[in-house]
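Inside the fold
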Amino acid sequence: MDAIRLSPPRRLKLPVDNRWGAGELSVLDFGDPKRPVDIIFVHANGFNALTYRTLLAPLSGSLRLWAPDLRGHGGSTLPAEPLGRRGWGDHRDDLVGLLDALDGPPVVLAGHSMGGTSALLAAAERPAKVSGLVLLDPVIWGRLTVAAFNLPLVGRLAERIPLVQNARKRRAVFESREQAMAAYTGRGAFRGWPEIMLADYLADGLVETPEGYVLACPPEWEASNYAAQAHNPWRALKRFDGPVHILKGEAGSTCVMSDRPYGLPHVTVETVHGGTHFFPMLKADVARDALFDAAV
């Protein structure tokens, strides 16, 4: 694999117009712009594409990668209305639009957490556009839990999940980027993160306004992503029959799949020993190797 390359990626603005609303999808473009895209990588809830720069940039010497900001995150301008959301069909359809915009051979579709699940849902809609999936601790509940989330009453009860309520309470405005950096360093989900990765997250995760530096992903939108679980990753795994490589953390994983999921011979599940849900940040070499192996 090539040595680390940390030159800034190019930033593309791609139009998206679907039933969830029209706007532009901000996409970071790593690698040689003359070659076809090899990998599309999708970030987790509340983060943005630039957060993963130090994970993805070392691959850009031999591969070309696109990393979009999902609706309601980073530099994307697509409308993000939390009221009435039930699932991640909006993220799925935005990624389908991104796949449809590509010329060239099928790509590896990859992502972390919500980004991994959204990538899976999109691949099931456009299997001919996707050569394989690499999912880093995707959100995949058990089959019965997924069925329950799709019931109207249970869907409403999801609003009471502590993760949802805590996201709504998240501080949304800071006086400076330095203040935000100090507030996040070593705390909560950011515990143990390399300083450069946290700085990259804040670079696109905060928007300068007259009131201060505001989160690009509003707390209400982050909360709605946690609450909106009425989609079916198990059905998507059945529909997409290409190779699927799932890596999940040993502790705190959001993926309940066993190492040998029944009825899914094209799916391999690997546990990252010593890894948590945030192993792409804390064990980036493991995630990077999985992406490279899938693309070559």
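The present account deals with the structure reproduced in this document.

1. What to know about the environment of Arg235
- Considering the arrangement of structural elements, one finds Arg235 in helix H10 (residues 233-239).
- Taking the relative accessible area as the measure of exposure, Arg235 reaches 54% and is therefore exposed.

2. Some points on the packing of aromatic side chains
- Summed over the entire model, instances satisfying the criterion amount to 10 aromatic pairs.
- For the ring pair Phe47 and Phe278, a centre distance of 6.2 Å and an interplane angle of 65° mean the geometry is edge-to-face. You can see Phe47 sitting in the loop between strand S3 (39-42) and helix H1 (53-56) and its partner Phe278 sitting in the loop between strand S11 (267-272) and helix H11 (279-282), a full 231 residues away along the chain. Phe278 matches Phe47 in its accessibility class, with the two residues each being buried.
- Seen from their ring centres, Phe190 and Trp193 are 4.9 Å apart, and the 65° between their planes marks the pair as edge-to-face. Like Trp193, Phe190 is buried.
- Three or more aromatic residues joined by ring pairs make a cluster, and in this case those are Phe47, Phe174, Tyr184, Phe190, Trp193, Tyr201 and Phe278.
- Taking the ring centre of Trp221 as reference, the NZ or CZ of Arg85 above it sits at 4.0 Å.
- The ring of Trp234 is capped by Arg143, whose NZ or CZ atom sits 3.9 Å from the centre of that ring.

3. Examining the sheet that holds strand S10 (residues 244-249)
- What the 8 strands build is an open sheet, ordered S1-S2-S4-S3-S5-S6-S10-S11; its pairing is mixed. Taken across any chain shown, the strands that pair with only one partner, and hence form the sheet edges, are strand S1 (10-18) and S11. Between one strand axis and the next, the sheet turns through 20° on average, direction left out of account.
- Looking at chain direction, strand S6 (residues 130-136) and S10 are connected through 4 bridges and run parallel. Considered in S10, the bridge of Val134 is made with His245.
- Across the sheet, helix H2 (residues 89-100) is in contact with S1, strand S2 (21-30), S3, strand S4 (65-68), strand S5 (107-112) and S6; its angle to S1 comes to roughly 115°.

What counts as what
Residues numbered from 1 in each chain as written. Predicted model: local features only at pLDDT ≥ 70, side-chain atom pairs only at ≥ 80, totals over all residues. Heavy atoms only, no water. Helix = DSSP H or I, 4+ residues; strand = E, 2+ residues; numbered from the N terminus. Buried < 20%, exposed > 50% of the residue type's maximum accessible area, 1.4 Å probe, protein only. Phe/Tyr/Trp six-rings, centres within 6.5 Å; stacked < 30°, edge-to-face > 60°. Lys NZ or Arg CZ within 6 Å of the ring centre and 35° of its normal. Pairing = 2+ DSSP bridges. Axes fitted to C-alpha atoms, helices over the stretch in contact; angles between N-to-C directions. Contact = heavy atoms within 4.5 Å.

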